[in-house]
Each structure stands twice: as structure tokens, then as C-alpha cells.
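In case you want the letters, here they are:
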Amino acid sequence: MGFWIANVAGLAIAYLFGSIPTGYLAGRLLKGVDIRELGSKSTGATNVLRTLGKWAALAVLAIDVLKGAAAIVFARWFYPWFDTLPTALGSQSQQSLVPWAVCLAGLAALLGHSRPIWLNFRGGKSVATGLGLLLAIAWPVGLGAVTVFGVALAIFRIVSLGSILAALTAIALICGLEQPLPYRLLVIAGGLYVIARHRTNIQRLLAGTEPRLGRNAVVRN
């Protein structure tokens, strides 16, 4: 029983890491506004940039990245304790489950950012938190994704396009590197989730109406 309770507790803590509403708190603390009512209505760093300025956006971006990394670091520290808990599984079997538990903790953190309990489950698109996960489990993958994002942003000046391309790059890289299967599945599932969170952006990209960085958004979604 203790083993399964620890599993649930670990996932809940990872979710709470991800659910820290950084962008929302920045809006409240800096300007006394609800950022969910401004710009794209997202709590992510891009909307913070458009509504609060670059320094606030950099702070939110850094903290959101740290949230994802912290969830993985916590899971790697927490779950190895499982072999000290009484369960029907043997110690070796429990240890083999640790990478899978870390995978689920990462997904919980992504869900926490995009669906935070504190904000009636209205959050960001989990891009920065996903980057934190990548850097914590496979930094070369995270570095590759950031590079593609930066190049795409420099060329097209469209944050959503850079985020989508970065997610696709992460999926491609993790499949080409020697990583545990649970970590590969985490990056694949997380990357697809980030892309799915950009579905309205994808529609605007196809229609040619997606706003570029430095311009005011016409569509408020």
C-alpha cells in the first residue's frame, strides 16, 4: 500500500511544481492585472512579453523552465526510495519502474502548467516547462530544441512556429539517441501535447494570420 501511495503523492507533487502560475503572478504583482484577460489570454512567457515587457517575460520563462527541471530532479530523488517501501513487487522490480514513474511525473508537470488547479485549469502551452524537462532528462535534446527554436524565431519572428518546430526536433532527437524507453515516450508524448496546445496557432499559421513577434495580435486566442 505504501508503494502506491508514494506513487500518487509523487505525481501530485510533480503536478504542483508545474502548476505554479508564474505568468499570472507576474501580472498581479507587477501591474495588478489578470494576464488571462489580456493579449492571447495565455499565462505563458510570450503573452507576458506582449503585456508586461521583456524583463518580466525573461523571469517567467526562467521560472517555468526551472519548474519542469525541478519536477524531474524531484522524481529522480523521490522514486528510488521505493525499494524501502513494503510491496508485493520485489526490490529489483520496483527499481525497474523508476524511469516509468519519472516519465509520468514529467507528464504531470506539463499538465500542471497548462491546466493549473489554481487558475480553474487555464494555463499556458507548456513550452518552457517542457524545455525544463528536456534539459533535465537529456540536455543535448533540450539544446537542439532551443537551437531550432532560436533559428526559427530569428527567421520568421513567430513564436508559435518556433515552439512547434522545437517540439518536433525534440521528438526526432530523442528517438535517435540512446535513452530509456520511458524517457523517449515522455518526450514524444510531451512534444505532441505541446503541439496540440498550439492548435489554434496552427490554424492561424495555415491562414497566414498568426502574429509575428513585435506586432500586436489581432486574434485573441
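All of these numbers come straight from a predicted model, not from anything done at the bench.

Caption draft 1: Summary view of the packing of helix α8 (residues 139–156) against helix α9 (residues 159–176). Across the interface, α8 lies against α9 with an axial gap of 8 Å and an inter-helix angle of 150°. By the angle class used here, α8 and α9 are roughly antiparallel. Regarding α8 and α9, the two cross each other, and that crossing is right-handed. Judged by residue contacts, Pro140, Val141, Gly144, Ala145, Val148, Phe149, Ala152, Leu153 and Phe156 of α8 engage Val159, Leu161, Gly162, Ser163, Leu165, Ala166, Thr169, Ala170, Leu173 and Ile174 from α9. Split into classes, the residues belonging to the contact of α8 with α9 amount to 15 nonpolar, four polar and no charged.

Caption draft 2: Region of the structure containing the side chain of Asp34. Relative to the helices and strands, Asp34 resides in the loop between α2 (22–31) and α3 (45–52). The exposure class assigned to Asp34 is buried, which follows from its relative accessible area of 14%. At 2.8 Å, the side chain of Asp34 and the side chain of Arg36 are in polar contact. Not counting residues up to four positions away in its chain, the partners in contact with Asp34 are Tyr24 and Arg28.

Caption draft 3: Inspection of the UniProt feature "transmembrane region" (unreviewed entry) in the chain at higher detail. UniProt annotation of "transmembrane region" (unreviewed entry) refers to residues 6–26, 55–77, 97–114, 126–149 and 155–177 when read in the numbering used here. Between the C-alpha atoms that bound residues 55–77 there is a distance of 32 Å. The span itself is 100% helix and 0% strand. Taken as a whole, residues 155–177 contains 87% helix and 0% strand, while its terminal C-alpha atoms sit 28 Å from one another.

Caption draft 4: Spotlight on α9. The end-to-end C-alpha distance of α9 is 26 Å, a good match for the 26 Å that 18 residues give at a rise of 1.5 Å each. Close packing links the buried residues of α9 with α3, α7 (127–137), α8, α10 (181–197) and α11 (199–207).

Criteria and thresholds
Within any chain, residue numbers begin from 1 and follow the written order of that chain's sequence. With the structure being a predicted model, the display of local features is reserved for residues of pLDDT at least 70 and the display and counting of side-chain atom pairs for 80 or more, all residues being used for whole-chain, interface and lining totals. Hydrogens and waters are ignored; side-chain quantities use all the structure's heavy atoms. Note on geometry: axes are C-alpha line fits, over the in-contact stretch for helices, and angles between N-to-C directions span 0 to 180 degrees. Going along the chain from the N terminus, every DSSP run of H or I of four or more residues is numbered as a helix, and every run of E of two or more is numbered as a strand. Here the angle decides the label: under 35 degrees means roughly parallel, over 145 means roughly antiparallel, 65 to 115 means roughly perpendicular, and every other value means oblique. The crossing is said to be left-handed when, going from far helix to near helix, the turn is anticlockwise and less than a right angle, and right-handed when the turn is clockwise. Should any heavy atoms of two residues lie within 4.5 Å, those residues are counted as being in contact. Each residue receives one of three labels: charged for Asp, Glu, Lys and Arg, nonpolar for Ala, Val, Leu, Ile, Met, Phe, Trp, Tyr, Cys and Pro, and polar for the others, Gly being one of them. Any residue under 20% of the maximum accessible area for its type is buried, any over 50% is exposed, and the rest in between are partly exposed; the area is computed with a 1.4 Å probe on protein chains only. We call two N or O atoms a polar contact when they sit within 3.5 Å, provided that within protein one can donate a hydrogen and the other can accept it, with sequence-adjacent residues counted only if both atoms are side-chain atoms. UniProt positions are given in the numbering used here, feature names are shortened, and annotations may be inferred rather than shown by experiment. Here, expected helix span is obtained from the residue count minus one, scaled by 1.5 Å.

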